[in-house]
Amino acid sequence: MYRSFAEIRQALSEGKASVRAIVENYLAQVARQNGQLNAFLQTYDEEALTRAQQIDQKIDAGNAGRLAGMVVGLKDVICYQNHPLQAASKILTGFHSQFSATVVARLLAEDAIILGRQNCDEFAMGSSSENSAFGPVRNAADPSRVPGGSSGGSAVAVQAYMCTASLGTDTGGSVRQPASFCGLVGVKPTYGRLSRHGLLAYASSFDCIGTLTHTVEDAALLLEIMAGADQFDSTASTHPVSSYSIEVHKAPTPGKIAYIRETIESEGISPEVKTNILRVIEILRREGFKVEPVDFPLLPYVLPTYYILTTAEASTNLARYDGVRYGYRSPRATDLESMYKLTRSEAFGKEVQRRILLGTFVLSASYYDAYFTKAQRVRRLIMEQTQAILAQYDFILSPTSPTTAFKIGELSDNPLQMYLADIFSVQANVVGIPAVSIPCGTDATGLPIGVQIMAGLFEEAKMLAFARFLMEKCAN
Ligand code: GLN
């Protein structure tokens, strides 16, 4: 079992393994565990094995790409040409991608292998991976618990050694919160750092593709390879891409770190998560960092702002699934209008319907200013105040989520409680800044706890180097 790409690379270079054997190994894990964990919706076994053999030949010939031996899973919202794609929704039954997402094409060009597509909350809406047309994903640390969401299948596949890394998406925490529930590294880059071309949109001004890995080094390498401008996505930034895979090894210079007072002192945070973050602060102080509390009075507005704007964007993005252009169409329809209504009522799950309704409401003529316009203004204030903190401090530290993994079914009837799982993660998406969750300890029952680090726009290199450093210190 390989924990990181570095280990794979070493085994390959010492001739102790072949890419084919590595893929076989991962497929054996899938066969053994996926029935219970439900992380992969589908694996492309034959294809992956054939490709592995070709890459082995390239290695022998000395012309293999930088990701030779890296086996990747894709959240079921990321296009892979000529492969099925469903957003874990009934509405896309039978749909196949006509092209590959830019990030996927860039991974393939460096000889990564795509092993399969992974379960998630339908259209990435959720925090537990229970809102899937394919049933819930289970946390490998305790299968009676959720892995977090919405990229839960992507997290569990890495957690249970079914692939080396996964691509998930993070619109409000969907890479970081599952990373924290599953003991992994989850990176959400700056908005626009990675192209969204070939990503099924949930909320376009928030959506980011991100990575789930066991190590920060692997995340840095993947990010370096995927990042950069893209002619197919005008929101993909032209900001230069640093050599993250090299910079991640740099020792950080002890600087100033902020934590938002309320994220540690609030009532809703579990005592063990709190103890853990206080321990992390202690570690940093011992290492010479100045760690200080700051006030962020807008914190109570972050989640409402997120939910008003993302539901608005979702309601328009999901209008295209109408029974005409893609996937499922209700067999009971009698005319055009009933076709739209029945198709969407039958094939979208409850949470997606709830959000389309909310989004339609906040965009309706009579409420547009009261909700949508106001939320955009508040978003601007949150951006400015967060940037102001980051002008004085290198990073903002917080727990990734207020609790560890909860039981399957525990919050499914309580959407508001479920939304609170993202209280600390949505800020980075509202602002657009990069953030990472790293594992730092466990609770009394052995469930992983994550710590979140937020950094300034396009400061991925600095953030990843610090994350690697802190993760090492936490482990000692
Ligand atoms: N849990 C949040 C939501 O339900 C975040 C989802 C995400 O990041 N895709 O919207």
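This brings us to the overall build of the protein chain. Each helix and strand counted, the protein chain has 17 helices and eleven strands in total. In terms of overall size, the protein chain behaves like a compact globule, its C-alpha atoms giving a radius of gyration of 21 Å where 476 residues would be expected to give roughly 23 Å. With the C-alpha coordinates of the protein chain rotated into their principal frame, the extents come out at 65 × 55 × 45 Å. Buried positions account for 60% of the 476 residues belonging to the protein chain. Of the roughly 18100 Å² of accessible surface on the protein chain, 51% is carried by carbon and sulfur atoms.

Enumeration according to the criterion identifies one disulfide in this entry. The thiol sulfur of Cys-120 is not disulfide-bonded, and the nearest other cysteine sulfur, from Cys-79, lies at 13 Å. The cysteine Cys-182 is free of any disulfide, with Cys-163 supplying the nearest cysteine sulfur at 12 Å. Accessibility expressed as a relative area gives 5% for Cys-182, which makes it buried.

With that settled, the discussion passes to the confidence of the model for the protein chain. Summarising the model, the protein chain shows a mean pLDDT of 97, and 100% of its residues fall at 70 or more. Averaged over each element, pLDDT in the protein chain is lowest for helix 15 (residues 415–420) (86) and highest for strand 2 (residues 71–75) (99).

Among the residues making up helix 1 (residues 5–13), those that are buried are Phe-5, Ile-8, Ala-11 and Leu-12. Considered in projection along helix 1, the buried side chains sweep an arc of 120° and stay on one side of the axis. Where helix 1 is buried, its residues touch helix 2 (19–37), helix 3 (45–61) and helix 7 (216–226). Just past helix 1, the residue Gly-15 takes up positive phi, approximately 70°.

This part covers the side chain of Thr-404. Checked against the element boundaries, Thr-404 lands in the loop between strand 9 (395–399) and helix 15. Look at Thr-404 and you get buried, because its relative accessible area is 13%. Within the local environment of Thr-404, its side chain forms a polar contact with the side chain of Asp-443, the two groups lying 3.0 Å apart. Not counting chain neighbours up to four residues away, the residues in contact with Thr-404 comprise Phe-181, Val-273, Asp-443, Leu-447, Pro-448 and Ile-449.

The next subject is the nonpolar core. Formed by 147 residues in total, the largest nonpolar core has its most connected members in Leu-397 and Ile-438. Excluding residues that lie within four positions of it along the chain, Ile-438 makes contacts with Leu-184, Val-185, Val-216, Ile-449, Gly-450, Val-451, Ile-453, Ala-467, Leu-470 and Met-471.

What follows covers the sheet that holds strand 11 (residues 448–454). Ordered in space as 1-3-2-4-6-5-10-11-9-7-8, the eleven strands form an open sheet in which the pairing is mixed. Looking along the sheet, the strands with just one partner apiece sit at the ends: strand 1 (40–43) and strand 8 (290–294). Neighbour-to-neighbour, the strand axes of this sheet turn through a mean angle of 30°, independent of strand direction.

As enumerated under the stated definition, the model contains 18 aromatic pairs in all. Aromatic side chains Phe-206 and Tyr-306 sit 5.6 Å apart centroid to centroid with 90° between the ring planes, which places their arrangement in the edge-to-face category. On the criterion of sequence distance, the pair formed by Phe-206 in the loop between strand 5 (185–188) and strand 6 (208–213) and Tyr-306 in helix 11 (residues 299–317) is long-range, its members being 100 residues apart. Note on accessibility: Phe-206 and Tyr-306 belong to one class, buried. An aromatic cluster is built from Phe-95, Phe-123, Tyr-321, Tyr-326 and Phe-348, whose rings are joined through pairwise contacts.

Looking now at the environment of Gly-173. Mapped onto the elements of the fold, Gly-173 is located in the loop between strand 4 (165–170) and helix 6 (176–182). Here the alpha-carbon distance between Gly-173 and Asp-207, two residues 34 residues apart in the chain, equals 10.0 Å. Contacts of Gly-173, omitting those with residues within four sequence positions, involve Gly-149, Pro-178, Ser-425 and Asn-429.

This paragraph deals with unusual backbone geometry. Note that the residue after Gly-149, namely Ser-150, is joined by a cis bond; omega there is 5°. Mapped onto the elements of the fold, Ser-150 is located in the loop between strand 3 (113–118) and helix 5 (152–159). Even without a glycine there, the phi angle at Ser-129 is positive, about 60°. Here Ser-129 lies in the loop between strand 3 and helix 5.

For the structure shown, the criterion picks out 19 salt bridges. Ionic pairing is found between Glu-351 and Arg-355, a salt bridge with its closest N-O pair at 2.7 Å. Here Arg-355 and Glu-351 lie together in helix 13 (residues 350–363), a separation of four residues that amounts to about one turn. Side by side, Glu-351 and Arg-355 carry an identical accessibility label, which is buried. Among the ionic pairs, Lys-462 bridges to Asp-394, the shortest N-O distance being 3.1 Å. Taken together, the residues Lys-462 in helix 17 (residues 460–475) and Asp-394 in the loop between helix 14 (368–392) and strand 9 connect sequence positions 68 residues apart. Given the relative accessible area of 36%, Lys-462 is considered partly exposed. Three or more residues joined by partner-sharing salt bridges are found here, namely Glu-351, Arg-354 and Arg-355.

How each quantity is defined
- Residues numbered from 1 in each chain as written.
- Predicted model: local features only at pLDDT ≥ 70, side-chain atom pairs only at ≥ 80, totals over all residues.
- Heavy atoms only, no water.
- Helix = DSSP H or I, 4+ residues; strand = E, 2+ residues; numbered from the N terminus.
- Rg over C-alpha atoms; globule rule 2.2 N^0.38 Å.
- Buried < 20%, exposed > 50% of the residue type's maximum accessible area, 1.4 Å probe, protein only.
- Areas by Shrake-Rupley, 256 points an atom, 1.4 Å probe, with all protein chains shown as cover.
- Disulfide = S-S within 2.5 Å.
- pLDDT = per-residue confidence, 0-100.
- Arc of directions from axis to C-beta.
- Contact = heavy atoms within 4.5 Å.
- Polar contact = N/O pair within 3.5 Å; in protein donor to acceptor, adjacent residues only side chain to side chain.
- Core = buried A, V, L, I, M, F, W, Y, C linked by side-chain atoms within 4.5 Å.
- Pairing = 2+ DSSP bridges.
- Axes fitted to C-alpha atoms, helices over the stretch in contact; angles between N-to-C directions.
- Phe/Tyr/Trp six-rings, centres within 6.5 Å; stacked < 30°, edge-to-face > 60°.
- Salt bridge = Lys/Arg side-chain N within 4 Å of Asp/Glu carboxyl O.

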